[in-house]
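For reference, the chains in residue letters:
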Amino acid sequence: MQNMRIFYLFLLVFMVSASVSRSVAEGLSDRGEYLVSVLQKKYEATTDIVCSFKQETFASGSSEGLKAEGKVYFKHPHEMRWEYSRPEPQLIVTSGQEVYVYEKNANQVMVLPRDQLLSTEISRAFFFGKGDLKRFFIVEHPAEGRSDAMWTLKLTPRNPVPQVRTIWIVVDSGIHLIKEMWLEDRLGSRTHLVFSDIRINRGLSDALFRFVPPPGVEIYRTDDSEVPGSEVQGSGFTENLSR
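Residue numbering note: each chain is counted from 1, following its sequence as written. pLDDT decides what is reported in this predicted model: residues at 70 or higher carry local features, side-chain atom pairs at 80 or more are listed and counted, and totals for whole chains, interfaces and linings draw on all residues regardless. Only hydrogens and water are set aside when side-chain values are computed; all heavy atoms of the structure are taken into account.

**A closer look at the packing of aromatic side chains**
For this analysis, a ring pair means two rings from Phe, Tyr or Trp (six-membered ring only for Trp) whose centres lie within 6.5 Å, classed as stacked if their planes differ by under 30 degrees, edge-to-face if by over 60, and tilted for the remaining angles. Under the counting rule described, the total for this entry stands at six aromatic pairs. For the pair Phe53 and Trp82, a centre-to-centre distance of 4.7 Å together with 75° between the ring planes defines the contact as edge-to-face. With Phe53 in strand β1 (residues 48-58) and Trp82 in strand β3 (residues 79-86), the pair connects residues that are 29 residues apart, well separated along the chain. Considering the side-chain rings of Phe53 and Tyr84, the 5.1 Å spacing of their centres and the 80° angle between planes classify their relative orientation as edge-to-face. Taken together, the residues span a long stretch of sequence, with Phe53 in strand β1 and Tyr84 in strand β3 at a distance of 31 residues. Take Phe53 and Tyr84: they sit in the same class, and that class is buried. Within the aromatic cluster, the residues linked to one another by ring pairs are Phe53, Trp82 and Tyr84. If you follow Arg31 out to its NZ or CZ, it ends over the ring of Trp151, 4.4 Å from the centre. Runs of E in the DSSP output that reach at least two residues are strands. Runs of H or I that reach at least four are helices, and both are numbered from the N terminus. Only protein chains enter the accessibility calculation, which uses a 1.4 Å probe; a residue is then buried when its area is under 20% of its type maximum, exposed when over 50%, and partly exposed in between. Lysine NZ or arginine CZ positioned within 6 Å of the ring centre and within 35 degrees of the ring normal marks a charge as sitting over the ring.

Structure, rendered in structure tokens:
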């Protein structure tokens with residue numbers, strides 16, 4: 001379920017970015033205030049995003065990461081679709097009360113309640129649009145130590161949560177959207193995400209975020225019980241995954 005962790009964190013960070021206000025810049029340098037301002041302004045004008053991504057995940061203490069890549073779609077306020085093409089096809093999608101994880105090679109779908117991912121006060125607050133960045137995070141702008149420090153923000157939860165220890169966000173200097181993230185949890189695992197070919201306000205259809213199982217797939221809930229009626233006919237589902 002490593003990719004589910006990434007799904008949760010990206011959702012959180014997108015909501016954080018959309019909820020930034022100038023008031024959170026208290027204590028930041030002028031440069032940090034500028035980054036907060038341009039990031040908020042851009043996300044306020046963004047209704048949807050589609051981009052390619054490359055992901056590398058490192059276990060605690062390891063220098064060799066597990067690599068993955070694919071495409072992600074996000075539509076305000078909380079519709080999301082991750083299409084993994086490597087190392088193996090996988091789809092994670094949500095638009096309502098449930099999250100669906102489709103593993104093509106295993107011919108199965110796992111269904112998780114959305115609330116299972118929103119298990120902390122931070123995630124619930126930002127998911128439902130009631131988040132206050134200053135309340136939940138210490139926001140810093142590193143003055144040195146990184147080659148891209150001019151465009152970097154560091155977020156640290158004020159109260160410990162298992163999923164997040166530190167989030168580093170790198171803002172694209174041209175389009176003022178997040179282009180790179182480093183995520184570290186409290187166990188020391190790290191995930192590096194790089195986004196490319198970022199396109200916004202494409203008018204993504206809600207149908208893209210509706211889950212329709214392919215024919216013959218087995219569907220399970222997180223309690224490992226099989227869902228009746230798993231023989232549901234799919235409609236363009238596998239075609240979307242292979243795009």
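**Brief notes about the environment of Trp182**
With respect to the helices and strands, Trp182 occurs in strand β10 (residues 178-184). The exposure class of Trp182 is partly exposed, given its relative accessible area of 23%. Distance from Trp182 to Val170, taken between C-alpha atoms, is 8.7 Å for residues 12 residues apart in sequence.

**Some points on the pairing of strand β8 (residues 152-157)**
For β8, the tally of buried residues reaches five of six residues, placing the bulk of the element in the interior. Pairing of strand β7 (residues 137-140) with β8, which is carried by four bridges, proceeds in the antiparallel orientation. Residue pairing across strands places Glu140 opposite Lys154, the latter belonging to β8. In this sheet, strand β9 (residues 166-171) lies alongside β8 in antiparallel orientation, the contact comprising four bridges. Within the sheet, the bridge partner assigned to Leu155 lies in β9 and is Ile167. Strands were regarded as paired on the criterion that DSSP finds at least two bridges between them.

**Quick notes on the confidence of the model for the chain**
On a range of 0 to 100, pLDDT expresses the predictor's confidence in each residue. Across the chain, the average pLDDT comes to 75, with 68% of residues at or above 70. Residue contacts are defined here by distance: any two heavy atoms, one from each residue, within 4.5 Å place the two residues in contact. Taken as a whole, residues 21-25 scores under 50 in pLDDT and shows nine contacts with residues more than four places along the chain or in a different chain. Contacts from residues 225-243, a stretch scored under 50 in pLDDT, to residues over four places away or in other chains number 45 contacts.

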